[in-house]
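In case you want the letters, here they are:
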Amino acid sequence: MTTATIIAAVLTAVFAVIGPGLARRLPPAAATRLLVPASLVVAASGVWVLIAVAFTWVAQFQVVSRYGDWSAEQVRAGTPFPTVIAVACCLLAVLALGRATVAGTRRVRVLLAVRQSCRHVGEPGSLVVLDNDRPDAFATPGARGRIVVTTGLLRALTADERRALLAHEASHLRHRHAWWLLAAELAVAANPMLSSTVRAIGHAVERWADEDAARAVTDRRLVARTLARTALLIRAAAPSQALPATGGDVPGRVRALLEPAPRPRVVPLAVLAALLVATTLAAGTVQRRGDELLDQAGTYSPPAATVRH
C-alpha cells in the first residue's frame, strides 16, 4: 500500500509538471477536451488515495470497527502508515473536498447570476449590444446564452474586426467554454498542484475560440489584429480587468495566430493516456490494499465484561 501511495503521489506531480507542456503541444480544442477530464481524474485519484490512507487511521476507532466488523487492534498493528501520516491525509482530504465544494458553488453562482441578468435581454444565442462607452465583450454561459458587446468596443473596431470578435465569442457560446473552465477550477480546488495545468487550460480555451474565429473569417492575421486591438482597448479602459475576449496569454495567442494552424500530435496523446492509466491503476491499488488490510483484520470482538465479586 505504501509503494502504491508513493507512486500515485509521484504520478500526480508528474502530471502537474508536464500538463502545461501537453496543453501547448496539442491543438487547443483537443487540449481542452483531454486535459480537463484528465485533471479531474488526477485530482479525484489524489483525493481517493488520501481517503484510503486516512481510513487506515479512522478504522482504528472502536465505533468504526464495530460498524465494519473488524478488529481495531489488528488494523492498528497491520497499517503501514504512521498515525501522523494518516491524520495528515485525513485533513488534506477534508480540505480538498471543502475547497472543491466552495469553489464550485461560488463559480456556479457567478455563472447563473450572469445568465440570469441577461435572461430577458434578446433571444437565446443572439447578439446583445449594450449602450456603454466602455469596451467590453463576453458570452454568457449555458445553451441559452447570449453574446454581449458594448457600443464602445464596436465603434472602436472595423467591420472585419467586429466579425472576428463575434466569431470568437460565438465559439465560447457554442462550445460552452464556461463549463469546461468550471470543471478545471474544481480540479485545481481539490489539488492546488494542478494550478499551472489549469492556467494552461484557460489559455487553451481562448486559443480554441481564436482558431474557430480564424476559420470563420478565413484570415488568421485579422483575428490576431482584432485580439491585440481589443486587448489594448479593454486594458486602457480597465487595467485590472481580464475578460474572456482578452483572457489567457494575449501575446502568446497573437503569436500563435501568426503561425499556421496547429495539427494533432500523437506523442502528447500517448503520454497523457499512459499517465492517466498509471494514475488510475495506482489509486485503485491503494484502495485494494486498504480493503485487504481490513479483510485481514479479522472480526470485531467486544471487550470482555468485568466480573464483580
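Quick caveat: nothing in here was measured; it's all calculated off a predicted structure. Each residue is numbered by its place in its chain's sequence as written, counting from 1. The predicted nature of this model means local features are confined to residues of pLDDT at least 70 and side-chain atom pairs, given and counted, to a pLDDT of 80 or more, with totals for whole chains, interfaces and linings taken over all residues. Excluded from the side-chain calculations are hydrogens and water; all other atoms, namely the structure's heavy atoms, are used.

Novice: So what exactly am I meant to see when it comes to the confidence of the model for the protein here?
Specialist: As a note on interpretation, predicted positions should not be read in detail where pLDDT is low. Summing up the model confidence of the protein, the mean pLDDT is 86 and the portion of residues at 70 or higher is 90%. Looking at any residue, its pLDDT shows the predictor's confidence there, from 0 to 100. Strands are runs of DSSP state E lasting at least 2 residues, helices are runs of H or I lasting at least 4, and numbering of each runs from the N terminus. Ranking the elements of the protein by mean pLDDT puts helix α3 (residues 62–68) last with 77 and helix α9 (residues 195–217) first with 95.

Novice: What is the right way to read the pattern of salt bridges from this model?
Specialist: Note that side chains of opposite charge can pair when their charged atoms are close. Whenever a carboxyl oxygen of Asp or Glu lies within 4 Å of a side-chain nitrogen of Lys or Arg, that contact is scored as a salt bridge. This model, assessed by the stated rule, comprises twelve salt bridges. Of the charged contacts, one joins Arg-163 and Asp-160 as a salt bridge, the two residues approaching to 3.7 Å between their closest N and O atoms. Here the residue Arg-163 and the residue Asp-160 both occupy positions in helix α7 (residues 159–174), the gap between them amounting to three residues, near one helical turn. A relative accessible area of 40% places Asp-160 in the partly exposed class. The rule is simple: take the accessible area with a 1.4 Å probe, protein chains only, and divide by the maximum for that residue type; under 20% is buried, over 50% is exposed, in between is partly exposed.

Novice: How should the sheet that holds strand β3 (residues 147–150) be read in this particular structure?
Specialist: Sheet strands pair via backbone hydrogen bonds, and the direction of the pair is either parallel or antiparallel. Whether two strands pair comes down to DSSP finding at least two bridges between them. What the three strands build is an open sheet, ordered β1-β3-β2; its pairing is mixed. At either margin of the open sheet sits one strand with a lone partner, and together these are β1 (127–130) and β2 (137–139). Between one strand axis and the next, the sheet turns by 20 degrees as a mean value, whatever way the strands run. Sheet topology note: the β2/β3 ladder contains three bridges and is antiparallel. In the strand pairing of β3, Phe-138 is matched with Val-148. Note on definitions: angles span 0 to 180 degrees between N-to-C directions of axes, and those axes are lines fitted to C-alpha atoms, for helices only across the stretch in contact.

Novice: How should unusual backbone geometry be read in this particular structure?
Specialist: In most cases, non-glycine residues show a negative phi, while peptide bonds are predominantly trans. The backbone phi angle of Arg-176 is positive, close to 55 degrees, even though this residue is not glycine. You can call Arg-176 partly exposed: its relative accessible area is 45%. Within the chain, Thr-218 stands out as a residue other than glycine whose phi angle is a positive 55 degrees. Take Thr-218: it is sitting in the loop between α9 and α10 (220–237). The class for Thr-218 is exposed, based on a relative accessible area of 68%.

Novice: I would appreciate a short explanation of the environment of Leu-294 in the present structure.
Specialist: As for its position among the elements, Leu-294 is in helix α12 (residues 266–295). Spatially, the C-alpha atom of Leu-294 lies 8.3 Å from that of Ala-59, the residues being 235 residues apart in sequence. Other than its neighbours up to four places away in sequence, Leu-294 contacts Phe-55, Ala-59, Trp-70 and Val-75. Contact criterion: two residues are considered in contact whenever any of their non-hydrogen atoms come within 4.5 Å of each other.

Novice: Help me understand α7, please; the structure alone is not making it clear to me.
Specialist: Each turn of an α-helix holds 3.6 residues, which means side chains three or four residues apart point in the same direction. With 16 residues, α7 extends 22 Å from end C-alpha to end C-alpha; this agrees with the ideal 22 Å at 1.5 Å per step. Along α7, the residues that are buried comprise Glu-161, Ala-164, Leu-165, Ala-167, His-168, Glu-169, Ser-171, His-172 and Leu-173. Just past α7, the residue Arg-176 takes up positive phi, approximately 55 degrees. Given the number of residues in a helix, its expected span is that number minus one, multiplied by 1.5 Å.

Novice: What exactly am I supposed to notice about the nonpolar core here?
Specialist: Most often, soluble globular proteins keep nonpolar side chains buried together rather than apart. The nonpolar core is taken to be a set of buried Ala, Val, Leu, Ile, Met, Phe, Trp, Tyr and Cys residues, with the residues joined through side-chain atoms within 4.5 Å. The biggest cluster of nonpolar side chains holds 44 residues, and the ones touching the most others in it are Phe-15, Leu-35, Val-49, Leu-194, Ile-201, Leu-272 and Val-286. Among the secondary structure elements, those contributing two or more residues to this core are α1 (2–25), α2 (28–58), α5 (83–117), α8 (177–190), α9 and α12. Residues in contact with Leu-272, not counting those within four places in the same chain, are Phe-15, Leu-22, Leu-34, Leu-35 and Ala-38.

Novice: Whenever I open this one, the side chain of Thr-279 confuses me. Can you help?
Specialist: Tracing the backbone through its elements, the reader meets Thr-279 in helix α12. Residue classification places Thr-279 among the buried positions, given a relative accessible area of 1%. Setting aside its immediate chain neighbours within four residues, Thr-279 contacts Leu-11 and Ser-45.

Novice: Help me understand a nonpolar patch on the surface in this model?
Specialist: Residues Ile-6, Val-10 and Val-14 make up a contiguous nonpolar surface patch of about 230 Å² in total accessible area. Counting through the fold element by element, Val-10 comes out in helix α1. Here a patch means residues that are over 30% exposed by relative accessible area and free of salt bridges, tied together within 9 Å if like-charged and within 5 Å if nonpolar (Val, Leu, Ile, Met, Phe, Trp, Tyr). For the area figures, the Shrake-Rupley method with a 1.4 Å probe applies, and any residue is considered shielded solely by the protein chains shown.

Novice: Explanation requested: the environment of Pro-251 in the structure shown.
Specialist: Note on placement: Pro-251 falls in helix α11 (residues 250–257). Assessed through its relative accessible area of 47%, Pro-251 is described here as partly exposed.

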